[in-house]
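Letter by letter, the chains look like this.
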Amino acid sequence: MSADKDIDGWFAERGITLQDSRVRARAVLEEVGLTSARKVRISETKLPKAEQLLAERFYRVCTASECQQVARSSGKEPLPVEPRSHCEHCGGSNNRRAEVAFLEACQRHGVRRVVVVGGSPAVREELEEKLGGLIELRMVDGTERRTAGKAQGDLEWGDLVLVWGATELHHKVSSHYTQPGTPYRHKVVHVARRGVASLLDAGITHLER
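Residues numbered from 1 in each chain as written. Predicted model: local features only at pLDDT ≥ 70, side-chain atom pairs only at ≥ 80, totals over all residues. Heavy atoms only, no water.

Focus: the nonpolar core
Point 1. In terms of nonpolar packing, the biggest core is built from 26 residues, with F102, V114 and L127 touching the most fellow members.
Point 2. Listed by contribution, the elements that provide at least two residues to this core are α5 (94-108), β5 (113-117), α6 (121-131), β6 (136-140), β7 (160-164), β8 (188-191) and α9 (196-208).
Point 3. Each residue touching L127, except ones within four places of it in the same chain, is listed here: V116, G132, L137, M139, W164, V196, L199 and L200.
Point 4. Residues I7, I16, A25 and I42 belong to the second largest nonpolar core, which totals 15 residues. (Core = buried A, V, L, I, M, F, W, Y, C linked by side-chain atoms within 4.5 Å. Buried < 20%, exposed > 50% of the residue type's maximum accessible area, 1.4 Å probe, protein only. Helix = DSSP H or I, 4+ residues; strand = E, 2+ residues; numbered from the N terminus. Contact = heavy atoms within 4.5 Å.)

See the structure below:
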(Lines give C-alpha, C1' and ligand atoms only; values in the text may rest on other atoms or scores of the structure.)
Protein backbone atom coordinates (compact mmCIF):
# COMPACT_ATOMS: atom_id res chain seq x y z
CA MET A 1 0.00 0.00 0.00
CA SER A 2 1.49 3.33 -1.05
CA ALA A 3 1.90 6.16 1.43
CA ASP A 4 0.33 9.54 0.91
CA LYS A 5 1.17 13.13 1.81
CA ASP A 6 -0.72 16.22 2.91
CA ILE A 7 -1.04 18.40 -0.20
CA ASP A 8 -0.73 21.76 1.56
CA GLY A 9 2.30 20.48 3.47
CA TRP A 10 3.89 19.36 0.21
CA PHE A 11 3.19 22.78 -1.31
CA ALA A 12 4.74 24.49 1.73
CA GLU A 13 7.99 22.54 1.25
CA ARG A 14 8.22 24.30 -2.14
CA GLY A 15 7.35 27.79 -0.89
CA ILE A 16 3.76 27.59 -2.13
CA THR A 17 2.31 28.96 1.10
CA LEU A 18 0.29 31.98 -0.07
CA GLN A 19 -3.41 31.30 -0.45
CA ASP A 20 -3.69 32.42 -4.08
CA SER A 21 -0.61 30.40 -5.04
CA ARG A 22 -1.94 27.26 -3.35
CA VAL A 23 -5.29 27.63 -5.12
CA ARG A 24 -3.60 28.11 -8.50
CA ALA A 25 -1.15 25.22 -8.05
CA ARG A 26 -3.89 22.91 -6.85
CA ALA A 27 -6.09 23.81 -9.81
CA VAL A 28 -3.34 22.68 -12.18
CA LEU A 29 -3.02 19.34 -10.37
CA GLU A 30 -6.77 18.88 -10.53
CA GLU A 31 -6.82 19.66 -14.26
CA VAL A 32 -4.78 16.55 -15.02
CA GLY A 33 -6.46 14.34 -12.46
CA LEU A 34 -3.64 14.13 -9.93
CA THR A 35 -6.04 15.21 -7.20
CA SER A 36 -9.59 16.48 -6.76
CA ALA A 37 -11.28 19.30 -4.89
CA ARG A 38 -12.40 17.03 -2.05
CA LYS A 39 -8.96 15.53 -1.33
CA VAL A 40 -6.44 16.87 1.18
CA ARG A 41 -3.78 14.18 0.62
CA ILE A 42 -2.02 12.83 -2.44
CA SER A 43 -0.35 9.48 -3.11
CA GLU A 44 3.45 9.68 -3.00
CA THR A 45 3.58 7.78 -6.28
CA LYS A 46 1.97 10.81 -7.93
CA LEU A 47 4.42 13.36 -6.51
CA PRO A 48 7.11 13.08 -9.22
CA LYS A 49 4.48 13.82 -11.87
CA ALA A 50 3.09 16.68 -9.76
CA GLU A 51 6.61 18.12 -9.35
CA GLN A 52 7.24 17.96 -13.08
CA LEU A 53 3.89 19.57 -13.87
CA LEU A 54 4.47 22.50 -11.52
CA ALA A 55 7.98 23.02 -12.94
CA GLU A 56 6.63 23.10 -16.49
CA ARG A 57 3.74 25.46 -15.75
CA PHE A 58 5.08 27.84 -13.13
CA TYR A 59 8.07 30.05 -12.36
CA ARG A 60 8.26 30.29 -8.57
CA VAL A 61 9.20 33.86 -7.69
CA CYS A 62 9.59 36.25 -4.76
CA THR A 63 8.49 39.90 -4.69
CA ALA A 64 11.81 41.47 -5.84
CA SER A 65 11.26 43.50 -9.01
CA GLU A 66 14.22 41.91 -10.84
CA CYS A 67 12.93 38.44 -10.05
CA GLN A 68 9.41 39.38 -11.14
CA GLN A 69 10.76 40.64 -14.46
CA VAL A 70 12.65 37.39 -15.06
CA ALA A 71 9.56 35.35 -14.17
CA ARG A 72 7.41 37.29 -16.64
CA SER A 73 9.91 36.72 -19.44
CA SER A 74 10.35 33.01 -18.67
CA GLY A 75 7.37 31.88 -20.72
CA LYS A 76 5.85 30.34 -17.61
CA GLU A 77 3.17 31.60 -15.24
CA PRO A 78 4.71 33.47 -12.26
CA LEU A 79 3.79 31.81 -8.97
CA PRO A 80 4.51 33.90 -5.86
CA VAL A 81 6.34 32.00 -3.11
CA GLU A 82 7.12 32.64 0.54
CA PRO A 83 9.72 32.42 2.01
CA ARG A 84 11.79 33.91 -0.78
CA SER A 85 14.43 31.17 -0.43
CA HIS A 86 12.21 29.23 -2.86
CA CYS A 87 12.49 31.90 -5.57
CA GLU A 88 13.94 30.29 -8.69
CA HIS A 89 15.83 33.45 -9.62
CA CYS A 90 17.50 34.65 -6.43
CA GLY A 91 17.02 31.75 -4.02
CA GLY A 92 16.41 34.32 -1.30
CA SER A 93 19.90 35.77 -1.56
CA ASN A 94 20.37 39.48 -2.21
CA ASN A 95 23.88 38.72 -3.41
CA ARG A 96 22.73 36.12 -5.90
CA ARG A 97 20.00 38.42 -7.19
CA ALA A 98 22.49 41.24 -7.61
CA GLU A 99 25.05 38.98 -9.31
CA VAL A 100 22.56 37.83 -11.92
CA ALA A 101 21.20 41.34 -12.50
CA PHE A 102 24.73 42.78 -12.76
CA LEU A 103 25.80 40.23 -15.36
CA GLU A 104 22.66 40.92 -17.35
CA ALA A 105 23.30 44.68 -17.21
CA CYS A 106 26.90 44.18 -18.33
CA GLN A 107 25.73 42.10 -21.27
CA ARG A 108 23.15 44.71 -22.30
CA HIS A 109 25.69 47.53 -22.21
CA GLY A 110 28.68 45.72 -23.69
CA VAL A 111 30.70 45.71 -20.48
CA ARG A 112 33.27 42.91 -20.52
CA ARG A 113 35.99 44.17 -18.16
CA VAL A 114 35.32 45.34 -14.60
CA VAL A 115 37.81 46.72 -12.08
CA VAL A 116 36.94 46.54 -8.37
CA VAL A 117 39.06 48.74 -6.11
CA GLY A 118 38.86 47.76 -2.43
CA GLY A 119 36.99 45.09 -0.55
CA SER A 120 38.24 42.43 1.86
CA PRO A 121 40.20 39.42 0.56
CA ALA A 122 37.21 37.16 1.25
CA VAL A 123 34.83 39.38 -0.72
CA ARG A 124 37.26 39.72 -3.62
CA GLU A 125 37.53 35.93 -3.69
CA GLU A 126 33.73 35.63 -3.70
CA LEU A 127 33.42 38.02 -6.62
CA GLU A 128 36.06 36.10 -8.56
CA GLU A 129 34.22 32.85 -7.89
CA LYS A 130 30.76 34.14 -8.83
CA LEU A 131 31.57 36.49 -11.71
CA GLY A 132 35.08 35.70 -12.89
CA GLY A 133 34.14 33.07 -15.41
CA LEU A 134 31.54 35.30 -17.09
CA ILE A 135 33.28 38.68 -17.28
CA GLU A 136 36.91 39.73 -16.90
CA LEU A 137 37.65 41.02 -13.41
CA ARG A 138 40.61 42.93 -12.08
CA MET A 139 40.64 43.10 -8.29
CA VAL A 140 42.71 45.85 -6.66
CA ASP A 141 43.74 45.46 -3.01
CA GLY A 142 42.89 48.77 -1.40
CA THR A 143 45.40 48.32 1.41
CA GLU A 144 48.49 47.89 -0.77
CA ARG A 145 50.42 50.60 -2.55
CA ARG A 146 49.18 51.24 -6.07
CA THR A 147 51.21 53.45 -8.36
CA ALA A 148 49.58 56.09 -10.52
CA GLY A 149 50.80 54.20 -13.57
CA LYS A 150 49.13 50.96 -12.56
CA ALA A 151 45.92 52.80 -11.72
CA GLN A 152 46.05 54.49 -15.12
CA GLY A 153 46.37 51.05 -16.67
CA ASP A 154 43.33 49.84 -14.71
CA LEU A 155 41.28 52.83 -15.90
CA GLU A 156 42.25 52.24 -19.50
CA TRP A 157 41.61 48.48 -19.28
CA GLY A 158 38.23 48.45 -17.57
CA ASP A 159 34.84 49.19 -19.08
CA LEU A 160 33.57 49.84 -15.56
CA VAL A 161 35.54 50.76 -12.42
CA LEU A 162 33.90 50.28 -9.02
CA VAL A 163 35.70 52.13 -6.21
CA TRP A 164 34.44 50.58 -2.98
CA GLY A 165 34.91 53.37 -0.46
CA ALA A 166 33.09 51.72 2.46
CA THR A 167 35.61 48.86 2.66
CA GLU A 168 39.33 48.31 3.17
CA LEU A 169 40.49 51.12 0.92
CA HIS A 170 43.23 53.64 1.59
CA HIS A 171 42.78 57.15 0.28
CA LYS A 172 46.17 57.01 -1.44
CA VAL A 173 44.85 54.13 -3.54
CA SER A 174 41.35 55.42 -4.24
CA SER A 175 42.55 58.91 -5.18
CA HIS A 176 44.29 57.52 -8.26
CA TYR A 177 40.88 56.51 -9.60
CA THR A 178 38.65 59.35 -8.41
CA GLN A 179 40.73 62.49 -8.92
CA PRO A 180 38.79 65.31 -10.62
CA GLY A 181 39.35 65.87 -14.30
CA THR A 182 40.25 62.29 -15.19
CA PRO A 183 39.09 61.49 -18.74
CA TYR A 184 37.82 58.14 -17.43
CA ARG A 185 35.36 59.55 -14.90
CA HIS A 186 32.41 58.35 -17.01
CA LYS A 187 33.32 54.75 -16.18
CA VAL A 188 34.19 55.25 -12.49
CA VAL A 189 31.56 54.58 -9.80
CA HIS A 190 32.18 55.47 -6.16
CA VAL A 191 30.31 53.01 -3.91
CA ALA A 192 29.67 54.24 -0.38
CA ARG A 193 27.90 51.19 1.05
CA ARG A 194 29.16 47.81 2.24
CA GLY A 195 28.02 44.46 0.91
CA VAL A 196 28.37 42.71 -2.42
CA ALA A 197 24.75 43.45 -3.36
CA SER A 198 25.29 47.18 -2.74
CA LEU A 199 28.45 47.15 -4.85
CA LEU A 200 26.79 45.45 -7.80
CA ASP A 201 23.56 47.45 -7.48
CA ALA A 202 25.63 50.65 -7.75
CA GLY A 203 27.21 49.30 -10.92
CA ILE A 204 23.79 48.43 -12.35
CA THR A 205 22.41 51.91 -11.56
CA HIS A 206 25.39 53.54 -13.29
CA LEU A 207 25.02 51.40 -16.39
CA GLU A 208 21.30 51.96 -16.69
CA ARG A 209 21.54 55.74 -16.59
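Structure shown, so let's carry the discussion forward.
Concerning the packing of α5 against α6
Point 1. Where α5 meets α6, the closest approach of the two axes is 11 Å, and the angle between their N-to-C directions is 55 degrees. With respect to their mutual orientation, α5 and α6 come out oblique. Crossing geometry of α5 relative to α6 is assigned as right-handed. Contacts between α5 and α6 involve N95, E99, F102 and L103 from the first element and E126, K130 and L131 from the second.
Point 2. Of the residues in the contact of α5 with α6, the class split is 3 nonpolar, 1 polar and 3 charged. (Axes fitted to C-alpha atoms, helices over the stretch in contact; angles between N-to-C directions. Parallel < 35°, antiparallel > 145°, perpendicular 65-115°, else oblique. Left-handed = near helix turned anticlockwise from the far one by under 90°. Nonpolar A, V, L, I, M, F, W, Y, C, P; charged D, E, K, R; others polar.)

Details of the packing of α5 against α9
Point 1. Interhelical geometry of α5 versus α9 gives an angle of 25 degrees and a closest axis separation of 9 Å. One way to sum up the angle between α5 and α9 is to call them roughly parallel. Crossing geometry of α5 relative to α9 is assigned as left-handed. In this structure, α5 contributes N94, N95, R97, A98, E99, A101, F102, A105, C106 and R108 to the contact, and α9 contributes V196, A197, L200, D201, G203, I204, L207 and E208.
Point 2. For the contact of α5 with α9, the class distribution of residues is 10 nonpolar, 3 polar and 5 charged.

What about the pairing of β7?
Moving residue by residue along a regular strand, the side chains alternate between the two faces of the sheet.
Point 1. β7 sits mainly inside the fold: 5 of its 5 residues count as buried.
Point 2. In terms of strand pairing, β5 meets β7 through 4 bridges, oriented parallel. Its bridge partner being in β7, V116 is matched across the sheet by L162.
Point 3. Note that β7 and β8 share 4 bridges and pair parallel. By the bridge assignment, V161 is partnered in β8 with V188.
Point 4. Considered for its hand, the β-α-β crossover made up of β7, helix α8 (residues 171-178) and β8 is right-handed. (Pairing = 2+ DSSP bridges. Right-handed = clockwise from strand over helix to strand, strands pointing away.)

As for the environment of S36
Point 1. Locating S36 in the fold gives a position in the loop between α2 (19-31) and β2 (41-43).
Point 2. Owing to a relative accessible area of 22%, S36 belongs among the partly exposed residues under this scheme.
Point 3. Taking the C-alpha atoms as reference points, S36 and R26, separated by 10 residues in sequence, lie 8.6 Å from one another.
Point 4. Dropping the residues within four chain positions of it, S36 is found in contact with R26 and E30.

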